[in-house]
Structures are given as C-alpha cells and as structure tokens.
Amino acid sequence: AKNLLGEGPFLETLRTGVTYLFYGTFFLLILGLLETLKGNLFGKTPILFFSGVLLFSVNCGLYALTQIKVFAHLVPLGGTLMLVSGFWIFAKAYK
C-alpha cells in the first residue's frame, strides 16, 4: 500500500493539525467544566476559540492531504483566532 502522505513536511503538517485539535479540545473541555461550575464566565469567546481550532486543524489536514495552497493560507487565520480568543479568555478569567 502506498503511503498517502509520503514522508517529510506533509506528514508533519498533518501531525501539527491533529496535535492542535487535541490540545484545543482539551482546553475547551476545561472551559466547559468551569462554565458549568462557575456560571457564564467567558460569554461567546470559547466559540471563537473553537472556530480557530477548527480553522487551523482542518486546513492543516486538508493541505497535508491535497497540497492545495489555499488551505495552507487559511491556517494562520485559525492560529490568530486561537491566540486572540485565548488571550481574551485568560483576561476574563483574571478579572
């Protein structure tokens, strides 16, 4: 059976996307637990973080599988959305 991703950067790109999906999901589970215990602390900000995780991870995977550059260009948008909403979540947590 032929390896679909081959070796090298495309396999690393897929691995990066899956890793960020895993840690992003773990972070969202913790936020959900905090929301359940303490009430509505973060508003709609976790939805923005979730959108960033999906945009980043899915586009990493699509780029790794198809090598279509448009997907690679969308990855930083997801990363930026994750960073901005993550900082926003931490700012709200420390108020």
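Fair warning: this is a prediction, and the values are worked out from it, not measured in the lab.

Draft legend 1. Region of interest: the side chain of T45. Topologically, T45 is positioned in helix α2 (residues 45-66). Look at T45 and you get buried, because its relative accessible area is 2%. Setting aside residues no more than four positions away along its own chain, T45 makes contact with S85, W88, I89 and K92.

Draft legend 2. Expanded view of the side chain of S85. Among the secondary structure elements, S85 is positioned in helix α3 (residues 69-93). Within the local environment of S85, its side chain forms a polar contact with the backbone oxygen of L81, the two atoms lying 2.7 Å apart. Among all residues touching S85, those that are not within four sequence positions of it are T45, L48 and F49.

Draft legend 3. Up close: the pattern of salt bridges. Evaluated as defined, the whole model comprises one salt bridge. For R15, the salt bridge is made with E12, and the minimal N-O distance between the two is 2.4 Å. Here the residue R15 and the residue E12 both occupy positions in helix α1 (residues 9-38), the gap between them amounting to three residues, near one helical turn. Residue classification places E12 among the partly exposed residues on the basis of a relative accessible area of 42%.

Draft legend 4. View of the nonpolar core. Counting residues in hydrophobic clusters, the biggest one holds 11 residues: F27, L28, L31, F42, F49, V53, F56, C60, V75, M82 and I89. Looking at this core, the elements that each hand over two or more residues are α1, α2 and α3. The element contributing the most residues to this core is α2, with four residues. Beyond its immediate stretch of four places on either side in the chain, F27 contacts F49, I89 and F90.

Thresholds, definitions, all that
Residues numbered from 1 in each chain as written. Predicted model: local features only at pLDDT ≥ 70, side-chain atom pairs only at ≥ 80, totals over all residues. Heavy atoms only, no water. Helix = DSSP H or I, 4+ residues; strand = E, 2+ residues; numbered from the N terminus. Buried < 20%, exposed > 50% of the residue type's maximum accessible area, 1.4 Å probe, protein only. Contact = heavy atoms within 4.5 Å. Polar contact = N/O pair within 3.5 Å; in protein donor to acceptor, adjacent residues only side chain to side chain. Salt bridge = Lys/Arg side-chain N within 4 Å of Asp/Glu carboxyl O. Core = buried A, V, L, I, M, F, W, Y, C linked by side-chain atoms within 4.5 Å.

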